[in-house]
Amino acid sequence: MENTILVILGVLVLFFLFFIYKKIDQGKGPDDAGAKYAVLLDKFDTLAKSTEDLRANLNKSQIDLSEKLTNKQNTSEKEIKSDLSKLNESLAVIVTAQRELNDLKTSVIDFKNLFNNQTTRGRLGNDSLKAIVSDVLNKRYFKMEHTLSNGKRVDCFLFLGEPHECVAIDSKFAWENYTKLVTEKDEQLKKVHSKNFIDDINKHIKDISDRYIIDKETAPFALMYVASEGVYQAIMNSDKEFTKLAREKNVVIVSPNTIFGFLKTYRLFIDNKEMSEKADTIQIEFGKIYEEIIRFAERFSAIDKRNTQLTEDFRKLQISVDQITRRSERVKNLEFDKKTGIEK
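Here's what I pulled together on the structure shown here. (Residues numbered from 1 in each chain as written. Predicted model: local features only at pLDDT ≥ 70, side-chain atom pairs only at ≥ 80, totals over all residues. Heavy atoms only, no water.)

## Concerning helix α5 (residues 187–212)
The first and last C-alpha atoms of α5 sit 37 Å apart over 26 residues, in line with the 38 Å expected at 1.5 Å per residue. Within α5 the residues assigned to the buried category are His193, Phe197, Ile198, Ile201, His204, Ile205, Asp207, Ile208, Ser209 and Tyr212. Backbone nitrogen of Gln188 and a side-chain oxygen of the N-cap are separated by 3.0 Å at the start of α5; the cap is Asp186. (Helix = DSSP H or I, 4+ residues; strand = E, 2+ residues; numbered from the N terminus. Expected span 1.5 Å × (residues − 1). Buried < 20%, exposed > 50% of the residue type's maximum accessible area, 1.4 Å probe, protein only. Polar contact = N/O pair within 3.5 Å; in protein donor to acceptor, adjacent residues only side chain to side chain.)

Here it is in structure tokens:
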């Protein structure tokens, strides 16, 4: 761009000189021509100086413009890099969220499959029951998968002392017909699922009563553990009075929340019983200690009597020693009494 401007200026200068030259040639005399030529040279010098100044200004403007363009380019590059970095971060967050969403979707599917599988669902109920019991009671007070004398295996058996204090706990989920009852929109099918759910609960109560309550082996009642709070609330809120039937069958229906209070109560019972047993043991030991104290006192008294007798014997012995000593001294000194013999 600078070269183009200089070329244009050079053409203009040549044209201007040619024009001035023509004017001089057309003048009237040589003096006028010399004067005009001098003026022309002066103007030419002024024009040359102006051209240099213009060139310098153009160079300075070009440098300033180049610097501004460079700074602008650097700033733009930084902003672009920053925007790209933020964009990459946002993309990374989106990718991570998408991955987590896929994982959650897979987990939901697996969770749904888990509850749809009766065996896995039962294992889940047993695991939750074991976790709660283990959190409250020492392992010596319960056993999972305990087999009773009738050959029936109960999910959890509490050993709380005497046979009539041992409680059987069986886990029941009753999940399948419950979910159908809750999710079904058709009223006719809803009634069918409701009947099936009622039949499930009634059967569970009867089975627990018949299998896990044994005279002289278990407590006169058993627990039906419902691992789902939703199912438990459906049982409690039902108009079929499941709790009344359960009481008649000596079955107590509990959930993860309510069984915790039951176990805590039994924990207090165990602690009080252990304290009572320890108190009895302490009383027995104190009785034995008392007997030892009596024997010690008798033996000490006997030793004291023997010691008293020995003291008396030593006293008498000392008297005899003193008598012998005096008599020996008298014999030695020939101190005799002619009438009575040796003085007494």
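## Topic: the packing of aromatic side chains
Per the counting criterion, the structure on display carries three aromatic pairs. Aromatic pair Phe157 and Phe159: ring centres 5.1 Å apart, planes at 80°, arrangement edge-to-face. Summarising the aromatic geometry, the rings of Phe221 and Phe262 are spaced 6.4 Å apart at their centres and angled 85° between planes, so their arrangement reads as edge-to-face. Of this pair, Phe221 sits in the loop between α5 and β4 (222–226) while Phe262 sits in helix α8 (residues 256–333); the two residues are 41 residues apart in sequence, bridging distant segments of the chain. Note on Phe262: relative accessible area 17%, which makes it buried. Within the aromatic cluster, the residues linked to one another by ring pairs are Phe221, Phe262 and Tyr266. (Phe/Tyr/Trp six-rings, centres within 6.5 Å; stacked < 30°, edge-to-face > 60°.)

## A look at a nonpolar patch on the surface
A cluster of nonpolar side chains, contributed by Ile80, Leu84, Leu87, Leu91 and Ile94, occupies part of the molecular surface with about 470 Å² of accessible area. Structurally, Leu91 can be placed in helix α2 (residues 30–116). Residue Leu91 is classed as partly exposed on the basis of its relative accessible area, which comes to 43%. (Patch = residues over 30% accessible without salt bridge, like charges linked within 9 Å, V, L, I, M, F, W, Y side chains within 5 Å. Areas by Shrake-Rupley, 256 points an atom, 1.4 Å probe, with all protein chains shown as cover. Salt bridge = Lys/Arg side-chain N within 4 Å of Asp/Glu carboxyl O.)

## So, the sheet that holds strand β1 (residues 142–147)
Taken in spatial order, the five strands make up an open sheet running β1-β2-β3-β4-β5, and their pairing is mixed. Each edge of the open sheet carries a strand with a single partner, namely β1 and β5 (251–254). Adjacent strand axes in the sheet meet at a mean angle of 30° when their direction is disregarded. In this sheet, strand β3 (residues 167–172) lies alongside strand β2 (residues 153–158) in antiparallel orientation, the contact comprising three bridges. Counted as the bridge partner of Phe157 is Ala168 from β3. The strands touched by helix α6 (residues 229–237) are β4 and β5; relative to β5, the strand with the most contacts, the crossing angle is about 130°. Its contacts with the sheet place α8 against β2, β3, β4 and β5, and it is angled at close to 145° to β4. (Pairing = 2+ DSSP bridges. Axes fitted to C-alpha atoms, helices over the stretch in contact; angles between N-to-C directions. Contact = heavy atoms within 4.5 Å.)

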